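# Report on the structure
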Amino acid sequence: MTQEVLAVANSDQRWVRQDPSQSTRAFFGDELRYYREAAGLSAKQLGDMLFISTSMVTHMESGRRRMQPEIAELADRVLETNGFFARRCNDARPAGIANHFTEAYDAEQRAVRIREFSALLVPGLLQTEGYARAVFRASHPVRPEDEMDYLVRARLVRARILDNPRTPEYEVLFDESVLHRPVGGRPVMAAQLRHLASLIRNHRVRVHVLPYAIGGHAALTGPLRLLTCMDEPPMAYVEGLSSGRLLDEPVVVAHHEEVYARLLVEAWPCKASLERIESAAKELDDHPRLAQE
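My aim in this report is to walk through the structure given alongside it, one point at a time. Because the structure is predicted, anything quoted here is derived from the model rather than measured.

The rules behind each value
Residues numbered from 1 in each chain as written. Predicted model: local features only at pLDDT ≥ 70, side-chain atom pairs only at ≥ 80, totals over all residues. Heavy atoms only, no water. Axes fitted to C-alpha atoms, helices over the stretch in contact; angles between N-to-C directions. Helix = DSSP H or I, 4+ residues; strand = E, 2+ residues; numbered from the N terminus. Parallel < 35°, antiparallel > 145°, perpendicular 65-115°, else oblique. Left-handed = near helix turned anticlockwise from the far one by under 90°. Contact = heavy atoms within 4.5 Å. Nonpolar A, V, L, I, M, F, W, Y, C, P; charged D, E, K, R; others polar. Core = buried A, V, L, I, M, F, W, Y, C linked by side-chain atoms within 4.5 Å. Buried < 20%, exposed > 50% of the residue type's maximum accessible area, 1.4 Å probe, protein only. Pairing = 2+ DSSP bridges. Salt bridge = Lys/Arg side-chain N within 4 Å of Asp/Glu carboxyl O. Phe/Tyr/Trp six-rings, centres within 6.5 Å; stacked < 30°, edge-to-face > 60°. Lys NZ or Arg CZ within 6 Å of the ring centre and 35° of its normal. Expected span 1.5 Å × (residues − 1).

Moving on: the packing of helix α7 (residues 129-139) against helix α8 (residues 145-158). Orientation of α7 relative to α8, taken along the N-to-C sense of each, is 130°, at an axis distance of 9 Å. In terms of axis orientation, α7 runs oblique to α8. In the packing of α7 onto α8, the handedness of the crossing is right-handed. On α8, the residues that touch Glu129, Ala132, Arg133, Val135, Phe136 and Arg137 of α7 are Glu145, Met148, Asp149, Leu151, Val152, Arg155 and Leu156. Taken together, the residues that form the contact of α7 with α8 break down as 7 nonpolar, no polar and 6 charged.

In terms of nonpolar packing, the biggest core is built from 43 residues, with Leu126, Tyr170, Phe174, Leu193, Val205, Val207 and Ile277 touching the most fellow members. Ignoring anything within four residues of it in the chain, the contact list for Val205 reads Leu126, Tyr170, Val172, Leu199 and Ile200. Phe28, Leu46, Ala72 and Phe85 belong to the second largest nonpolar core, which has 19 residues in total.

For strand β6 (residues 224-229), a buried count of 5 out of 6 residues is recorded, marking the element as mostly surrounded by other parts of the structure. Sheet topology note: the strand β3 (residues 111-118)/β6 ladder contains 6 bridges and is antiparallel. Looking at β6, one finds that Glu116 is bridged to Arg225. Note that β6 and strand β7 (residues 235-240) share 4 bridges and pair antiparallel. Paired with Arg225 across the bridge in β7 is Tyr237. As consecutive antiparallel partners, β6 and β7 are separated by 5 residues, and within that stretch Asp231 has a phi angle of approximately 60°, a positive value.

Moving on: the pattern of salt bridges. This model, assessed by the stated rule, comprises 19 salt bridges. Ionic pairing is found between Glu108 and Arg158, a salt bridge with its closest N-O pair at 2.8 Å. One end of the pair, Glu108, is in helix α6 (residues 102-110); the other, Arg158, is in helix α8, with 50 residues separating them in the sequence. Note on Arg158: relative accessible area 8%, which makes it buried. Residue Arg201 pairs with Glu278 through a salt bridge whose shortest N-O separation is 2.8 Å.

Further remarks concern the sheet that holds β7. Through backbone hydrogen bonds, the strands of a sheet pair up, either in parallel or in antiparallel fashion. Strand order in the open sheet made by the 6 strands is β5-β4-β3-β6-β7-β8, with mixed pairing throughout. Single-partner strands in this sheet number two, and they are β5 (206-210) and β8 (243-247). The mean angle between the axes of side-by-side strands here comes to 15°, regardless of whether they run parallel or antiparallel. Against the sheet, helix α12 (residues 270-285) makes contact with β4 (169-175) and β5, and its axis sits at roughly 75° relative to β5, the strand it touches most.

This paragraph deals with the packing of aromatic side chains. The geometry of an aromatic ring pair is captured by two quantities: the separation of the ring centres and the angle between the planes. Under the definition given, this model contains 7 aromatic pairs. With a centroid separation of 6.1 Å and 55° between ring planes, the pair formed by Tyr35 and Phe84 is classed as tilted. With a gap of 49 residues between them, Tyr35 in helix α1 (residues 24-38) and Phe84 in helix α5 (residues 84-88) connect regions that are remote in the sequence. Under the relative-accessibility criterion, Tyr35 is labelled partly exposed at 25%. Judged by relative accessible area, which is 12%, Phe84 ranks as buried. Taken together, the ring pairs connect Phe27, Phe28, Tyr34, Tyr35, Phe84 and Phe85 into an aromatic cluster. Seen from the ring of Tyr260, Arg115 lies directly overhead, with NZ or CZ sitting 5.7 Å from the centre.

The next subject is the pairing of β5. For β5, the tally of buried residues reaches 4 of 5 residues, placing the bulk of the element in the interior. In the sheet, β4 pairs with β5 via 5 bridges, with the strands oriented parallel. Residue pairing for β5: Asp175 is matched across the bridge by Leu210.

Next up on the list: the environment of Pro123. For Pro123, the location among the structural elements is in the loop between β3 and α7. By relative accessible area, which is 4% here, Pro123 ends up buried. Between the C-alpha atom of Pro123 and that of Phe174, which follows or precedes it by 51 residues, the distance is 8.5 Å. Once residues lying within four places of it in the same chain are set aside, the contact partners of Pro123 are Glu116, Ser118, Tyr170, Val172 and Phe174.

On to helix α10 (residues 186-201). With 16 residues, α10 extends 22 Å from end C-alpha to end C-alpha; this agrees with the ideal 22 Å at 1.5 Å per step. What α10 keeps buried is the set Met189, Ala190, Gln192, Leu193, Leu196, Ala197, Leu199 and Ile200. Of the surrounding elements, those touching the buried residues of α10 are α7, β4, α9 (177-180), β5 and α12. Two residues or fewer past α10, His203 is found with a positive phi of approximately 60°.

Just geometry here; none of it tells us what the structure is for.
So this is what it looks like as structure tokens:
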């Protein structure tokens, strides 16, 4: 993608502008810069008016960060753009990706390192088609099958970042209960565990299982992702039911990194975790009668 390094008007920061003809997100970033400069505002002044950081403004203008709906609506009011950004905000959203996950998705695509903790499920990047379909069906029991197909395809496409043998470096922590929750039934779960074991044995992902025996731990309240991108501050993503936030405040991210480090100390090493995963898959495979349930 063509890139041109430009100085930010009225700011001592520099930003990388992507070619708007190659990226919808970059196009909206270019428009944001145009309207900001037309209003005679610096990036800092606009950030103050939108209640976001100066770096967030410059990242949106360079196409590195996606404009969220609530920011788009406020930008329309501040810049008097007659609803331009709010109407077109979702145009840059990737197909099949929930709105609350779009910023985290963008960061995921740029990441050189991802660390993740999941308490209930195998994380999305590691899910098989059958497992992902079962997860979506459990969340949306009455959706038509063609919509299920669309969501599953989007998840599998997202996982293609692991096709690169080196980037991102990916480390996963999950609770032992994930191994024994037969999402989609026993055959689907066994296939999911074998897929996970294969990724570990091929050195594409490091997995640590957090044992039941430790009892309470630092992340009982929910999942956690830590993302490292080149030339950007570290980020953390936290998620709830149909909601999520990408965080880049240094103190907040440092706290989440500390939580992850504490979990890692309590977890089984990679080799022991792999043994537990393969043992759980074998247990599922060894019960053909129960597999029909």
